[in-house]
Amino acid sequence: MVLGDSGRLGFEALNVALKAAGEETRLRVLALLAEAELTVSDLTDILRQSQPRISRHLKLLVEAGLIERFREGTWAFFRLAEHGGGADVAHALLDRLNPADPVIARDRDRLADVRAARAAAAQAYFREHAVEWDRIRNLHVADEAVEEAIRAALADKPFRSLLDLGTGTGRMLELFGPHLERGLGLDLSLDMLLLARDRLERAGLKHCSVRQGDLYDLPIAADSFDVVILHQVLHFLDDGARAIKEAARVLRPGGRLLVVDFAPHEQEFLREQFAHRRLGFAPETVTQWMTASGLEPVLHRSLSPEPGSDGKIAVSLWLARDVRALMATPKRREVA
C-alpha cells in the first residue's frame, strides 16, 4: 500500500481499502479483529460461514492492508493492522461503528463463546503442569520480589513499547501492559502462547499481543521497541550471546534490554528433567554478551532467597542500554 504526503493514501490505495471494507462480512470481520486475534476456524464458528469463503474475505483484507496475518505452527492468526494507511482506514471505520448494533452485538456474543473455549483449554494445560512449575518456583526468589526488582530497574524512564522474548504465560506484558501503547510477546511454544493469550484477554490488554517466533531470528524490523525483556529464557538456550545480539538489534536508539535469569547454581535435576541448558549465569557472562552486542551495561543486581525459605537459587537482573541516542546528542557548548 503506497502512502502519499503526510501519511495519506493515494487514490487507488484508498479505493482498494474502502472496497475491501465495504462488504457486510468483511466489515464484521474487522469489528471482530478489533476485539481479539482470531483464526479462520474462530471466524467460521462466529460468522457461520464456510472456511473457503472466510479465507477469501481475509485474503482481500490482508491485501488491502487492513489486517495482518501471522503463523503459529499449522495455524494462522489475524489481527487489525497496526501501522500504515490501511490501519488508519480500518480504525477510522470502526470508530464510526455503533458497538450496540444488533449484528455486531450478536457476533460479540459468539466471540465470547470462542474465548471461553480458549480459556478452558489454557486452564487445562496449566493444571496439567502446575505441580512441576510450582516445584521450580519454590527453588528461587519469590516472584513478587523479582517483579518488584524488574519494575525498579525500568522505573527511571517511561517507555511506550515492550517486546517480551520467550513470553511464556505473558506475565511481563500483563505487568507493564496498562502503561504501554504496544506490547508484543514471542514464544516458540504453542501451548504457552495459548496461556499468554488467555491472560491478556482476561486483563483486557487489546494493545498487547503474542505470536510464535524464533529468538535467534526475530520477525521484527530493527529499531522497533523501547524495551526488550528476556525473563527466565537464557537458561533454555544453546547460544545466549546470539539471542542477546538479536534482541539488541530491535531496540530503538536509547532503548533498554533487561535480562532476568538464575545466578549460578547446582540444581542438576533442572537440566535433566526440565531441559535447562545452563545452570545459571555469572554476572560477567551476560554483561560481556551485552557489551559485545553494542550495548552499555548499566545495572547488575542479584536477589537471594529469603533466609529460612526453601529457595536455593538466586535470581540476577542485568540492564543495558542502546547508546546511539547518547552519541547523537550534541555536546553543550561552553560560553566563556
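Each value, and the rule that gives it
- Residues numbered from 1 in each chain as written.
- Predicted model: local features only at pLDDT ≥ 70, side-chain atom pairs only at ≥ 80, totals over all residues.
- Heavy atoms only, no water.
- Phe/Tyr/Trp six-rings, centres within 6.5 Å; stacked < 30°, edge-to-face > 60°.
- Buried < 20%, exposed > 50% of the residue type's maximum accessible area, 1.4 Å probe, protein only.
- Pairing = 2+ DSSP bridges.
- Helix = DSSP H or I, 4+ residues; strand = E, 2+ residues; numbered from the N terminus.
- Axes fitted to C-alpha atoms, helices over the stretch in contact; angles between N-to-C directions.
- Contact = heavy atoms within 4.5 Å.
- Salt bridge = Lys/Arg side-chain N within 4 Å of Asp/Glu carboxyl O.
- Parallel < 35°, antiparallel > 145°, perpendicular 65-115°, else oblique.
- Left-handed = near helix turned anticlockwise from the far one by under 90°.
- Nonpolar A, V, L, I, M, F, W, Y, C, P; charged D, E, K, R; others polar.
- Core = buried A, V, L, I, M, F, W, Y, C linked by side-chain atoms within 4.5 Å.

Student: I would appreciate a short explanation of the packing of aromatic side chains in the present structure.
Tutor: Aromatic ring pairs are described here by two measures, namely the spacing of the ring centres and the angle between the planes. Counted under the stated rule, the structure contains three aromatic pairs. On the basis of an interplanar angle of 15° and a centroid distance of 6.0 Å, the ring pair of F70 and F77 is categorised as stacked. Accessibility expressed as a relative area gives 8% for F70, which makes it buried. According to the relative accessible area criterion, F77 is buried, its value standing at 2%.

Student: Could you clarify how one ought to interpret the sheet that holds strand 5 (residues 182–187) in this entry?
Tutor: Whether parallel or antiparallel, the strands of a sheet pair through hydrogen bonds between backbone atoms. The strand order across the open sheet built from seven strands is 6-5-4-7-8-10-9, with neighbouring strands paired in mixed fashion. The sheet is open, and its two edges are formed by strand 6 (208–212) and strand 9 (295–303), each paired on a single side. Neighbour-to-neighbour, the strand axes of this sheet turn through a mean angle of 15°, independent of strand direction. In this structure, strand 5 lies alongside strand 6, joined through five bridges in parallel fashion. Its bridge partner being in strand 6, L184 is matched across the sheet by S209. On the sheet, helix 9 (residues 190–203) packs against strand 5 and strand 6 and is oriented at approximately 170° with respect to strand 6.

Student: Before we go on, may I ask you to explain helix 5 (residues 85–95) in this structure?
Tutor: The α-helix advances 3.6 residues per turn, and as a result positions three or four apart in sequence lie on the same side. Buried residues of helix 5: G85, G86, A87, V89, A90 and L94, and no others. Those residues of helix 5 hidden inside the fold are in contact with helix 1 (11–21), helix 2 (24–33) and strand 3 (75–80).

Student: Please explain the pattern of salt bridges as it appears in this structure.
Tutor: Charged atoms that come close allow side chains of opposite charge to pair. By the definition in use, this model includes 21 salt bridges. For R28, the salt bridge identified is with D107, shortest N-O distance 2.8 Å. Linking R28 in helix 2 with D107 in helix 6 (residues 102–137), this pair joins segments that are 79 residues apart in sequence. Several salt bridges converge on common partners, so that one network encompasses E37, R79, E82, R182 and R197.

Student: Is there a simple way to explain the packing of helix 10 (residues 240–249) against helix 12 (residues 283–292) in this structure?
Tutor: Packed helices, taken two at a time, are described by the angle their axes make and the gap between the axes. Here helix 10 crosses helix 12 at 45°, and the two axes come no closer than 9 Å. With respect to helix 12, the element helix 10 is oriented oblique. Taken as a pair, helix 10 and helix 12 cross one another with a handedness that is right-handed. Taken together, the residues of helix 12 that come into contact with helix 10 (itself represented by G240, A241 and I244) are V286, W289 and M290. In terms of residue class, the contact of helix 10 with helix 12 is built from five nonpolar, one polar and no charged.

Student: Please clarify how the side chain of H265 should be interpreted in this entry.
Tutor: Within the fold, H265 resides in the loop between strand 8 (251–262) and helix 11 (269–274). In this structure H265 comes out as buried when scored by relative accessible area, which is 11%. Each residue touching H265, except ones within four places of it in the same chain, is listed here: L270, L279, G280 and I313.

Student: What's the story with the nonpolar core in this structure? I'm lost.
Tutor: Nonpolar side chains in soluble globular proteins tend to end up buried together. I150, L154, L162, F176, I229 and L258 are the most contacted members of the largest nonpolar core, which has 34 residues in total. Beyond its immediate sequence surroundings of up to four residues, L154 is in contact with F159, F176, V227, I229, R256, L258 and L319. The next biggest cluster of nonpolar side chains, apart from the first, holds 31 residues, and it includes L61, F78, L80 and V114.

Student: What should I look at first to understand the packing of helix 2 against helix 3 (residues 40–47) in this one?
Tutor: Direction vectors running N to C along helix 2 and helix 3 enclose 115°, while the axes themselves pass 12 Å from each other. As for the relative orientation of helix 2 and helix 3, their crossing is right-handed in sense. Contacts from T25, R28, V29 and L32 of helix 2 reach helix 3 at L43, I46 and L47. Grouping the amino acids of the contact of helix 2 with helix 3 by side-chain chemistry returns five nonpolar, one polar and one charged.

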